[in-house]
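A closer look at the structure
The residues making up each chain are set out below.
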Amino acid sequence: MSRKSLFAALALLVVTSMILAACGPSGTATPAAVTTEPDVTEVPVGTTRHGGWVDQLVFTGNPDMESAITQLQAGEIDVYAMSMSDGDLFEVVKADPELEYTTSVGVFDAFMFNPVQTFTDGRINPFGYPEIREAINWLIDRDFMIQEYMGGLGLNKVTPLTGSFPDYARYIDVVRAMELLYTYNPDKANEVISAKMLELGFTKNDDGKWVQDGQPVVIIGIIRTEDEREQFGDYLGTQLENIGFTVDRQYKTRTEASPIWYSSDPYDGLWSFYTAGWINNFVARDEGSNFALYYSPLAGSSPGYQARNPTPELADLVLRLLNNDFGTMEERDSLFREVIPMGMQDGVVLSVCDNLAFQVFDKDIQTSYDLAANIAASYQWPYTIRWEGQEGGTIRIAQGDLMVEPWNPIGGSNWVDDGMIQKATSDVGFIFDPYTGLFWPMRAESFALTATEGLPIFQGEASQDWLTLEFVPEIQVPSDAWYDFDPVANRWITVGEAFPDGLTAMTKGVVTYPADMFTAVTWHDGTPVSVGDFLMNMVMNYAQCKPESPIYDEGAVPACESWMSHFKGLRITSVDPLVIESYDDLYALDAELNPISWWPNESVSYAFGGSPWSVMALAVIAETNGEMAFTSDKATAMNIERTGFLSGPTLDILAGHLETCLADPASCIPFGEAFSAYVTEEEAAARFAAVQTFYTTYHHLWIGTGPYFIDAVYPVERTITLQNNSAYPDLADRWSRFGAPKMVTVDVDGPAQVTIGTEAVFDIFVTFEDAPYPSAEIASVNWLLFDKSGALAGTGAATLVEDGLYQVTISAELSGVLEAGGNKLEIAVGSKVVSVPGLGAYEFVTVAP
């Protein structure tokens with residue numbers, strides 16, 4: 001899976017020089033209301049330009065990293081936005097003064113296993129059994145793989161937690177225990193796997209190969225070829241052959257691999273393992289949802305995800321952490337400490353490494369990047385990329401590939417290659433800070449959060465002017481709030497109808513949009529955003545998971561059930577300005593991450609880009625007719641096309657329905673009563689006419705509200721060109737003020753030798769660019785002491801001496817339990833201004849008195 005990311009609402013992450021010109025969409029707009037941005041180190045450059053800094057962006061695909069670097073050096077492309085972890089190429093890039101690079105910590109590689117136990121043709125699948133999946137941890141030497149195939153540009157990864165994110169530091173004692181338990185041990189792997197294979201009725205022939213009914217047990221590896229995962233897949237194949245399996249290595253690009261591991265029915269047995277990879281779209285301050293990505297059918301609607309079958313205990317833990325179903329941090333800690341070892345025993349996704357990934361560009365390119373997502377998967381890149389000190393021009397960007405899967409907002413392409421362009425063409429209600437992972441208002445103006453007393457929700461100082469946080473004893477959900485949706489009557493079911501005795505919620509969130517939003521913000525077809533666009537996002541969240549719905553999708557049911565397990569209702573309390581209330585038992589620990597914006601892009605049901613309600617209505621009509629389906633799961637099951645707004649055969653079908661809607665706009669307003677109160681026939685007529693004009697001009701239906709719009713698509717050549725959206729409400733410099741991330745550097749000093757039974761003091765130096773890190777910006781400095789066996793001997797918090805200096809005291813009592821030999825003191829420093837913790841270590845020996 002190329003560098004995928006999953007939603008957190010779930011989820012929760014992955015160029016030839018062709019210059020083409022086209023006219024931008026018609027219509028003008030005025031700037032949206034100004035919201036407060038973060039304090040940063042650079043002063044913004046004044047400009048009157050709207051939209052992006054660049055006139056044109058040209059995207060094409062090139063999976064060959066070495067040739068892409070050569071293209072950069074030759075001036076044929078300007079940015080190579082593929083995350084790389086090749087040590088040799090990194091040395092080439094660092095040595096070239098004409099190139100610049102950024103690094104990130106949010107990319108990770110893993111092996112994904114087909115969870116089906118018996119294929120349709122009767123073959124037993126060894127990886128359908130968790131004991132065998134778990135044992136692969138002992139079969140692979142992660143350290144060897146990182147050094148040999150990545151030149152050291154990676155960190156050993158055993159659990160779902162990312163080594164540079166806050167939860168890794170918070171639960172480092174559990175993680176370290178897992179790393180010790182699953183240390184490379186091929187003999188143990190062979191022992192465990194052999195025992196299970198014999199139990200399943202397999203035998204070994206005279207050549208030492210596992211057989212079933214006299215036929216070799218063939219493991220089919222779908223091995224990605226674009227990066228280190230080709231070597232990873234080969235390595236796993238060799239290790240499996242060494243213990244008796246026959247391995248069919250199938251080398252595939254992302255485009256070739258996706259129809260097999262992602263879209264095919266896993267019971268067909270077309271794959272056994274896949275060399276997977278993800279990239280986080282932002283710094284994840286809460287990785288509780290990672291366990292859904294790894295072990296649960298809640299990870300997505302594809303057939304492979306839906307075939308997962310965790311134990312009831314694991315499924316319950318995964319759901320609780322996905323929904324933040326706990327009342328205190330202590331309860332959360334307990335859930336993490338349960339789920340980490342239990343998930344390792346399931347092992348349907350097996351971590352390999354966190355990549356120290358880099359992306360490369362011309363030294364004269366200026367852009368912000370995300371500490372986790374780098375450039376390609378970040379939310380900020382479209383608003384900041386430019387030729388340094390200039391406005392206008394063209395930037396040519398190469399990706400690993402483009403148009404890997406069909407594009408639609410509900411179940412479309414989740415590949416970072418496509419997502420990079422989708423972010424440039426779409427907008428959001430709230431945007432992630434690239435360094436802290438917290439929200440800032442984008443299209444929204446303010447957010448008011450009310451929570452029940454005692455919940456572990458905390459607010460930072462930086463959000464005081466746009467966010468209010470209040471705690472109350474109880475929150476009653478209003479009886480007129482919308483709780484559910486009836487897809488037959490096309491009406492909302494209120495809380496009063498569903499719960500006559502009343503309903504309470506743990507949180508209430510109120511998002512307020514600017515008063516001029518419905519005139520200031522326009523779609524790329526020139527029509528203004530309207531309440532109907534928000535309604536479509538709301539309704540689609542329910543309509544697909546009702547069996548009686550004309551667009552029912554079985555694959556949507558698990559995510560819908562998860563949603564209904566915590567969401568308590570919503571209502572629109574004002575249209576001018578737009579104010580939306582949401583009631584929920586799911587909450588984020590950071591107050592800033594609690595808004596549900598309902599903006600028609602990447603919020604709740606819209607996971608893969610934005611779209612006006614008019615285009616979505618065409619797709620709903622087509623899916624109702626059985627002509628196409630939003631998701632891969634349903635399209636595969638019904639043997640129909642997956643809905644694509646950008647290219648492919650579904651465009652002709654959608655265009656046919658557009659002709660019908662132009663003739664009778666009222667008949668195409670979706671979802672009856674739910675829409676009729678907010679969308680008029682006049683709006684519908686204007687919307688469909690604008691869509692027709694856009695489609696005639698640009699030959700696609702990918703219509704967004706972002707700073708760029710797509711003006712040309714070449715599916716065969718894998719080329720997409722974007723033009724600046726001069727009607728965009730914001731000035732180009734709105735997000736240009738992000739300075740360098742204030743990364744934490746940790747150095748440890750202390751005695752090299754400690755006598756057992758005596759006290760020892762260690763100095764911890766915490767700095768940024770060689771200057772002391774202000775203690776006011778430090779959240780925590782914690783230490784862990786590991787003995788010579790690697791077991792955790794003690795842990796605690798360091799003591800502040802002065803800015804940049806902390807001390808750890810190992811008591812005489814603690815040193816007294818250590819044995820003679822080597823020990824390691826590890827330090828984890830949490831910053832308030834950068835969510836990536838600083839890590840340091842110091843080794844010392846203990847000697848007998």
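Presented here is a report on the structure given in the accompanying data block. (Residues numbered from 1 in each chain as written. Predicted model: local features only at pLDDT ≥ 70, side-chain atom pairs only at ≥ 80, totals over all residues. Heavy atoms only, no water.)

**Description of the overall build of the protein**
Counting its secondary structure elements, the protein contains 25 helices and 41 strands. Scaling as 2.2 N^0.38, a compact globule of 849 residues should have a C-alpha radius of gyration of about 29 Å, and the protein matches this with 27 Å. Counting only C-alpha atoms, the protein reaches 90 × 70 × 70 Å along its principal axes. Burial analysis of the protein (849 residues in total) assigns 62% to the buried set. Once the 44 positive and 116 negative side-chain charges of the protein are each reduced to a mean point, those two points are 2 Å apart. (Helix = DSSP H or I, 4+ residues; strand = E, 2+ residues; numbered from the N terminus. Rg over C-alpha atoms; globule rule 2.2 N^0.38 Å. Buried < 20%, exposed > 50% of the residue type's maximum accessible area, 1.4 Å probe, protein only. Lys, Arg positive; Asp, Glu negative; His and termini not counted. Charge placed at Lys NZ, Arg CZ, Asp CG, Glu CD.)

**Examining unusual backbone geometry**
The omega torsion of the bond from Asp-576 to Pro-577 falls at 5°, within 30 degrees of zero and hence cis. Here Pro-577 shows up in the loop between strand 24 (567–575) and strand 25 (578–584). In this structure, Phe-671 takes a positive phi of about 55° despite not being glycine. Within the secondary structure, Phe-671 is located in the loop between helix 22 (650–663) and helix 23 (672–676). Given the relative accessible area of 10%, Phe-671 is considered buried.

**Considerations on the sheet that holds strand 41 (residues 838–847)**
One open sheet holds the 5 strands; their spatial order is 33-41-40-36-37, and the pairing between them is mixed. For this open sheet the edge positions go to strand 33 (753–755) and strand 37 (792–797), each flanked by a neighbour on one side alone. Taking the axes of each pair of neighbouring strands and ignoring which way they run, one obtains an average angle of 25° across the sheet. As defined by bridge partners, strand 36 (residues 778–786) adjoins strand 37 across 5 bridges and the pair is classed as antiparallel. Bridging from a neighbouring strand, Leu-785 pairs with Gly-794 of strand 37. Sheet strands touched by helix 6 (residues 172–181): strand 36, strand 37 and strand 40 (821–831). Its angle to strand 36, the strand with the most contacts, is close to 35°. (Pairing = 2+ DSSP bridges. Axes fitted to C-alpha atoms, helices over the stretch in contact; angles between N-to-C directions. Contact = heavy atoms within 4.5 Å.)

**As for the environment of Leu-784**
Turning to its location among the elements, Leu-784 is positioned in strand 36. Leu-784 sits 216 residues away from Lys-568 along the chain, and the two C-alpha atoms are 41 Å apart. Residues within four places of Leu-784 in sequence aside, it is in contact with Ile-172, Asp-173, Leu-792, Gly-794, Thr-795, Lys-824, Leu-825 and Glu-826.

**Considering the side chain of Thr-425**
Along the polypeptide, Thr-425 turns up in helix 15 (residues 416–425). In this structure Thr-425 comes out as buried when scored by relative accessible area, which is 1%. Reaching out from Thr-425, the side chain makes a polar contact with the side chain of Trp-702 at a distance of 2.9 Å. Residues in contact with Thr-425, not counting those within four places in the same chain, are His-524, Trp-702, Gly-704, Thr-705, Gly-706, Tyr-708, Phe-709, Ile-710 and Leu-722. (Polar contact = N/O pair within 3.5 Å; in protein donor to acceptor, adjacent residues only side chain to side chain.)

**Overview of helix 13 (residues 329–346)**
Between its first and last C-alpha, helix 13 extends 25 Å over 18 residues, near the 26 Å set by a 1.5 Å rise per residue. Tucked inside the fold, the buried residues of helix 13 contact helix 3 (130–139), helix 5 (166–170), helix 6, helix 10 (290–295) and helix 12 (312–322). Phi turns positive one or two residues past the end of helix 13, at Gly-347, with a value near 65°. (Expected span 1.5 Å × (residues − 1).)

**Notes on the side chain of Asp-362**
If you trace the backbone, Asp-362 turns up in strand 11 (residues 349–362). With residues up to four places along the chain from it excluded, the contact list for Asp-362 reads Leu-72, Asp-78, Glu-98, Glu-100 and Trp-387.

**Side note on the pattern of salt bridges**
Counted by the stated rule, this structure contains 42 salt bridges. When the shortest N-O distance is used, the salt bridge between Glu-226 and Arg-224 registers 2.8 Å. Residue Glu-226 is classed as buried on the basis of its relative accessible area of 4%. Classification of Arg-224 as buried rests on a relative accessible area of 0%. Where Asp-590 meets Arg-285, a salt bridge forms, and the shortest distance between an N and an O atom there is 2.8 Å. A residue pair is termed long-range when its members are at least 10 positions apart, and Asp-590 in the loop between strand 25 and strand 26 (601–603) and Arg-285 in the loop between strand 10 (273–279) and helix 10 qualify at 305 residues. (Salt bridge = Lys/Arg side-chain N within 4 Å of Asp/Glu carboxyl O.)

**What about the packing of helix 3 against helix 13?**
Put simply, helix 3 and helix 13 touch, their axes get as near as 6 Å, and they point 105° apart. On the basis of their axis angle, the class for helix 3 and helix 13 is roughly perpendicular. Only Met-344, Gln-345 and Asp-346 of helix 13 make contact with helix 3, whose side of the interface consists of Pro-130, Arg-133, Glu-134 and Asn-137. When the residues that make up the contact of helix 3 with helix 13 are grouped by side-chain class, the tally is 2 nonpolar, 2 polar and 3 charged. (Parallel < 35°, antiparallel > 145°, perpendicular 65-115°, else oblique. Nonpolar A, V, L, I, M, F, W, Y, C, P; charged D, E, K, R; others polar.)

**Details of the state of the cysteines**
Applying the stated criterion across every chain, the model contains 2 disulfides. Sulfur-sulfur distance for the disulfide between Cys-545 and Cys-560 comes to 2.1 Å. Residue Cys-545 is located in the loop between helix 18 (531–543) and helix 19 (557–564), and its partner Cys-560 is located in helix 19; the two are separated by 15 residues in the primary sequence. A disulfide bridge connects Cys-661 with Cys-668, and the sulfur atoms are separated by 2.1 Å. Taking the sign of the S-S torsion, about -90° here, the bridge from Cys-661 to Cys-668 comes out left-handed. Both residues of the pair, Cys-661 and Cys-668, belong to the buried class. (Disulfide = S-S within 2.5 Å.)

**Considering the packing of aromatic side chains**
One pass over the full model with this rule turns up 46 aromatic pairs. Pairing Tyr-171 with Phe-336 gives two aromatic rings, centres 4.5 Å apart and planes at 10°, and the pair type is stacked. With Tyr-171 in the loop between helix 5 and helix 6 and Phe-336 in helix 13, this pair connects stretches of sequence that are 165 residues apart. For Phe-336, a relative accessible area of 0% puts it in the buried group. Seen from the ring of Trp-53, Arg-386 lies directly overhead, with NZ or CZ sitting 3.6 Å from the centre. (Phe/Tyr/Trp six-rings, centres within 6.5 Å; stacked < 30°, edge-to-face > 60°. Lys NZ or Arg CZ within 6 Å of the ring centre and 35° of its normal.)

**Some thoughts on the sheet that holds strand 6 (residues 210–212)**
Taken together, the 3 strands give an open sheet; going across it, the order is 5-6-7, and neighbouring strands pair in antiparallel fashion. Edge positions in the sheet fall to strand 5 (203–204) and strand 7 (215–216), since each of these pairs with one other strand and no more. By the bridge criterion, 2 bridges tie strand 6 to strand 7 in an arrangement that is antiparallel. Bridge pairing in strand 7 links Gln-212 to Gln-215.

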